[in-house]
Amino acid sequence: MRWEIKGKLPERGAFIVAPNHTSEIDPLIMGMAVWKLGRAPRFMAADRLFRVKGLGWILRKSGQIPVSRDVRGANQAAIASAQQLVRLGQGVIIYPEGTLTREPNLWPMRGKNGAARVALSADIPVYPTAIWGAQNILPRYAKKPTLGWRKKITVHVGEPVSLGEFSGRMHSASAMKGATELIMHDITGLLEGIRGEVAPAELYDPAKHGQTEHGKFPQDRGGSSRESGGA
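Each value, and the rule that gives it
Residues numbered from 1 in each chain as written. Predicted model: local features only at pLDDT ≥ 70, side-chain atom pairs only at ≥ 80, totals over all residues. Heavy atoms only, no water. Helix = DSSP H or I, 4+ residues; strand = E, 2+ residues; numbered from the N terminus. Buried < 20%, exposed > 50% of the residue type's maximum accessible area, 1.4 Å probe, protein only. Contact = heavy atoms within 4.5 Å. 1 Å grid on protein atoms, 1.4 Å probe; cavity = no way out; pocket = protein on both sides within 12 Å on 5 of 7 lines; lining within 4 Å. Points joined across faces, edges and corners; volume = space filled by probe spheres on them. Nonpolar A, V, L, I, M, F, W, Y, C, P; charged D, E, K, R; others polar. Salt bridge = Lys/Arg side-chain N within 4 Å of Asp/Glu carboxyl O. Polar contact = N/O pair within 3.5 Å; in protein donor to acceptor, adjacent residues only side chain to side chain. Pairing = 2+ DSSP bridges. Expected span 1.5 Å × (residues − 1). Core = buried A, V, L, I, M, F, W, Y, C linked by side-chain atoms within 4.5 Å. Axes fitted to C-alpha atoms, helices over the stretch in contact; angles between N-to-C directions.

A. Representation of the overall build of the protein chain in the model. Of regular secondary structure, the protein chain possesses five helices and seven strands. Moving toward the C terminus, one meets the helices and strands of the protein chain in the order β-β-α-β-α-β-α-β-α-β-β-α. Looking at the protein chain as a whole, 46% of its 231 residues are labelled buried. Put simply, 71% of the contacts in the protein chain that link residues at least 6 apart link residues at least 24 apart.

What follows is the structure in structure tokens.
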């Protein structure tokens, strides 16, 4: 790969990297980018994985952070995760979209509040990040990578999102929504700069296009999924 990395992360202390998500190999790319920026990459992982024998031990020892999909559990996990990040001075990569974007042209879609919730739990800075090029190595939903030599990967890390107006309001649904929208707005702006294009005025909402959050249509059965448009 040919790398173009712009921006910086704090040399020490807790932080959150919030990137867009266009390819299944994004976590590998982002992990490498964070490492190149001088910090150790860590991720949020489903709490059920920490209960798997062997795998759970590896996740805990490598500093990965458990997250619960249960609403009440999510609040508790966010607080615990934030406290761990601050106590150890660590950073974590959180994908605000929660899954691969369903937007037909690979623009960011509506975000979930995980990154905002952890950030506001302990006043941790959120660094919006745009990544572009991973989809040329492993296209969205593809099973095999596209062969090629030194494909370009662009990663732009922005300035921390200004979330001061939401401080102390992590239990407010409206605050979570507003903070998440600000994060997604900044990510989209960075991606516009990389692509040299203007993103749609409104973030893509899978539900408005007959999809669930995981790309499936309500009428689908047996785990199949259909895409609402090509990349």
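And the narrative resumes.
B. Molecular detail of empty space enclosed by the protein. A full pass over the atoms with the stated rule returns one cavity of 30 Å³ or more. Taken as a whole, the largest cavity encloses approximately 50 Å³ of empty space. If you go around the largest cavity, the residues you meet are Glu-103, Trp-107, Pro-108, Thr-188, Ala-199, Pro-200, Glu-202, Leu-203 and Tyr-204. Within the lining of the largest cavity, the residues separate by chemical class into six nonpolar, one polar and two charged.

C. Spotlight on the pattern of salt bridges. For the coordinates displayed, the defined rule picks out five salt bridges. Among the salt bridges present, the one from Arg-110 reaches Asp-205, with a minimum N-O distance of 3.2 Å. One end of the pair, Arg-110, is in the loop between strand S5 (91-93) and helix H4 (114-122); the other, Asp-205, is in the segment after helix H5 (173-195), with 95 residues separating them in the sequence. Accessibility expressed as a relative area gives 10% for Asp-205, which makes it buried.

D. Focus on unusual backbone geometry. Even without being glycine, Asp-123 reaches a positive phi, approximately 55°. In this structure, Asp-123 sits in the loop between H4 and strand S6 (126-132).

E. Local environment of the side chain of Arg-140. Mapped onto the elements of the fold, Arg-140 is located in the loop between S6 and strand S7 (152-157). Only 3.4 Å separates the side chain of Arg-140 from the backbone oxygen of Pro-104, close enough to count as a polar contact.

F. Examining the pairing of S6 more closely. Extensive coverage of S6 is indicated by the burial of seven of its seven residues. Neither face of S6 is exposed, since Val-126, Pro-128, Ala-130 and Trp-132 on one face and Tyr-127, Thr-129 and Ile-131 on the opposite face are all buried. Two strands pair when backbone bridges link them, and strand S2 (residues 15-19) and S6 are joined in this way by four bridges, in the parallel orientation. If you follow Ile-16 over to S6, its bridge partner there is Val-126. Where S6 lies against S7, four bridges are found, and the strand directions are antiparallel. Considered in S7, the bridge of Ala-130 is made with His-156.

G. Up close: H5. Here H5 is 23 residues long and its end C-alpha atoms lie 33 Å apart, about the 33 Å a rise of 1.5 Å per residue gives. All of the buried residues in H5 are Ala-175, Met-176, Gly-178, Ala-179, Thr-180, Ile-183, Met-184, Ile-187, Thr-188, Leu-191, Ile-194 and Arg-195. For H5, the secondary structure elements touched by its buried residues are S2, H4, S6 and S7. Directly after H5, the chain includes Gly-196, whose backbone phi takes a positive value near 65°.

H. Main features of the nonpolar core. Counting 26 residues, the largest nonpolar core has Ile-16, Val-118, Val-126, Leu-163 and Ile-183 as its most contacted members. At the level of secondary structure, the elements contributing two or more residues to this core comprise S2, helix H3 (71-88), H4 and H5. Leave out the neighbours within four places in its chain, and Val-118 touches Ile-16, Met-44, Ala-78, Ala-82, Leu-85, Ile-94 and Ile-124. Ranked by size, the runner-up nonpolar core spans 18 residues in total, among them Met-30, Tyr-95, Ile-131 and Val-155.

I. Molecular detail of the sheet that holds S5. The mixed open sheet is built from five strands, whose spatial order is S1-S7-S6-S2-S5. Edge positions in the sheet fall to strand S1 (2-6) and S5, since each of these pairs with one other strand and no more. Here the average twist between neighbouring strands, direction ignored, is 20°. Packed onto the sheet, H5 meets S2, S6 and S7 and runs at close to 35° relative to S6.

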